[in-house]
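# Working through the structure, step by step
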Amino acid sequence: MKAVLVVFGWAALNAVLVLVMLPYGENALFIGMYGAGVAVITLFGVVVWLVARTVGWTSRGVRLATASLSSGFVALAVILIGLSFVYGYWFAVFAGLPLIAAAYRLSKERLPLGTSPAATTVPTLPAERTRASPALTRPVKAVASVFAAVTAARSLRSSRRQRR
């Protein structure tokens, strides 16, 4: 029943936005299009409500891992589909591969019933840097300094030739 409340809440908030547009004298076509969107959302909410009544949905849903990679693939596919509006419909073909990858990852990310995702541990202390031995860092610094000096000298010499 939670899904039904979310859809109807979304429709109600959009209806409030339509009512806010009226006193500001917004274009009638724009208000009509937005109102039609509210009607479509409400219709979708009715369909969700009817299906929830007949099937007997519960609010458990599918439990996914906390670091779900499949949602990233779906987001990439949506971005590619959005770019197809700019670059042409053929660009939407590229969205197929991330959608296939998302479906594959989704099958791997489902958690068994009765388990809940565990909180990730974040280290609070900064990691200690490993220091290389001075016997290694001094020659590397010396070679890098010589290379930088030679490069600077070459750039100065070529600019003198161009002046002549």
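Position numbers for residues start from 1 in each chain and track the written sequence from start to end. Reporting in this predicted model follows two pLDDT cut-offs: at least 70 for local features of residues, and 80 or more for side-chain atom pairs to be given and counted; totals over whole chains, interfaces and linings ignore these cut-offs and use all residues. The side-chain values count all of the structure's non-hydrogen atoms but skip hydrogen atoms and water molecules.

### Some remarks on the side chain of Ser70
Using the following cut-off: Secondary structure elements follow DSSP: runs of H or I no shorter than four residues count as helices, runs of E no shorter than two count as strands, and numbering proceeds from the N terminus. Note on classification: 1.4 Å probe, protein chains only; a residue is buried when its accessible area is under 20% of the maximum for its type, exposed when over 50%, partly exposed between these limits.
Looking at the secondary structure, you find Ser70 in helix α3 (residues 70-87). Assessed through its relative accessible area of 6%, Ser70 is described here as buried.

### Re α3
Operational definition: In this analysis, the expected span of each helix is defined as 1.5 Å times one less than the number of residues it contains. Regarding the arc, it is the one traced by the directions from the helix axis to the C-beta atoms. Throughout, a contact is declared for two residues whenever any of their heavy atoms are within 4.5 Å.
Taking 1.5 Å of rise per residue, the 18 residues of α3 would be expected to cover 26 Å, and the 25 Å separating its terminal C-alpha atoms lies within 8% of that figure. Of all the residues in α3, the buried ones are Ser70, Ala77, Leu80 and Ser84. One side of α3 carries all its buried residues, which in axial view fall inside an arc of 75°. Residues of α3 that are exposed and point more than 90 degrees away from the buried face comprise Val78, Ile79, Phe85 and Val86. The inward-facing, buried residues of α3 abut α4 (96-109). One or two steps after α3, the chain reaches Gly88, where phi turns positive at roughly 115°.

### Re a nonpolar patch on the surface
Worth spelling out the cut-off: Here a patch means residues that are over 30% exposed by relative accessible area and free of salt bridges, tied together within 9 Å if like-charged and within 5 Å if nonpolar (Val, Leu, Ile, Met, Phe, Trp, Tyr). For the accessible areas, the method is Shrake-Rupley and the probe is 1.4 Å, while residue cover comes only from the protein chains on display. What makes a salt bridge here is a side-chain nitrogen of Lys or Arg within 4 Å of a carboxyl oxygen of Asp or Glu, nothing more.
On the surface, a cluster of nonpolar side chains totalling about 1100 Å² of accessible area is made up of Ile79, Ile81, Leu83, Phe85, Val86, Tyr87, Tyr89, Trp90 and Phe94. Of note, Trp90 is situated in the loop between α3 and α4. The exposure class of Trp90 is partly exposed, given its relative accessible area of 44%.

### What to know about helix α2 (residues 28-55)
Across its 28 residues, α2 extends 40 Å between first and last C-alpha, which sits within 8% of the 40 Å expected from 1.5 Å per residue. Within the sequence span of α2, burial applies to Ile31, Val38, Ile41, Gly45, Val48 and Ala52. In this structure, the buried residues of α2 make contact with α1 (2-21).

### Re the side chain of Asn14
Within the element layout of this structure, Asn14 appears in helix α1. Among the residues examined, Asn14 registers a relative accessible area of 11% and is labelled buried. Excluding anything up to four places from it in sequence, Asn14 contacts Tyr34, Val38 and Ile41.

### With respect to the packing of aromatic side chains
Put simply, the rule reads: Between the rings of Phe, Tyr and Trp (Trp by its six-membered ring), a pair exists once the centres lie within 6.5 Å; its type follows the angle of the planes, with under 30 degrees stacked, over 60 edge-to-face, and the other angles tilted. Here, a charge over a ring is recorded when the distance from Lys NZ or Arg CZ to the ring centre is within 6 Å and its angle to the ring normal is within 35 degrees.
Under the criterion given, the structure shown has 5 aromatic pairs. An angle of 45° between the planes, with centres 5.5 Å apart, marks the rings of Tyr87 and Phe91 as tilted. An angle of 80° between the planes, with centres 5.3 Å apart, marks the rings of Phe91 and Phe94 as edge-to-face. An aromatic cluster is present here, built from Tyr87, Trp90, Phe91 and Phe94 joined pairwise through their rings. Positioned above the aromatic ring of Trp49 is the side chain of Arg53, whose terminal nitrogen or guanidinium carbon lies 5.0 Å from the ring centre.

### Details of the packing of α1 against α2
Formally: An axis is simply a line fitted to the C-alpha atoms; with a helix, the fit covers only the stretch in contact. Between two such axes, the angle follows the N-to-C directions and lies from 0 to 180 degrees. Here the word oblique covers every angle except those under 35 degrees (roughly parallel), over 145 (roughly antiparallel) and from 65 to 115 (roughly perpendicular). Left-handed describes a crossing whose near helix is turned anticlockwise from the far helix by less than a right angle; the clockwise case is right-handed. When residue character is reported, Ala, Val, Leu, Ile, Met, Phe, Trp, Tyr, Cys and Pro are called nonpolar, Asp, Glu, Lys and Arg charged, and the others, Gly included, polar.
Interhelical geometry of α1 versus α2 gives an angle of 165° and a closest axis separation of 9 Å. Considered as vectors, α1 and α2 are oriented roughly antiparallel to each other. Crossing of α1 over α2 shows left-handed handedness. Its residues assigned to classes, the contact of α1 with α2 shows 20 nonpolar, 4 polar and no charged.

### Structural notes on the packing of α3 against α4
Where α3 contacts α4, the two axes come as close as 8 Å, and the packing angle between them is 165°. Judged by the angle between their axes, α3 and α4 are roughly antiparallel. As for how α3 packs across α4, the hand of that crossing is left-handed. Residue-level contacts link Ser70, Phe73, Val74, Leu76, Ala77 and Leu80 of α3 to Pro98, Leu99, Ala101, Ala102, Arg105, Leu106 and Glu109 of α4. Its residues assigned to classes, the contact of α3 with α4 comprises 10 nonpolar, 1 polar and 2 charged.

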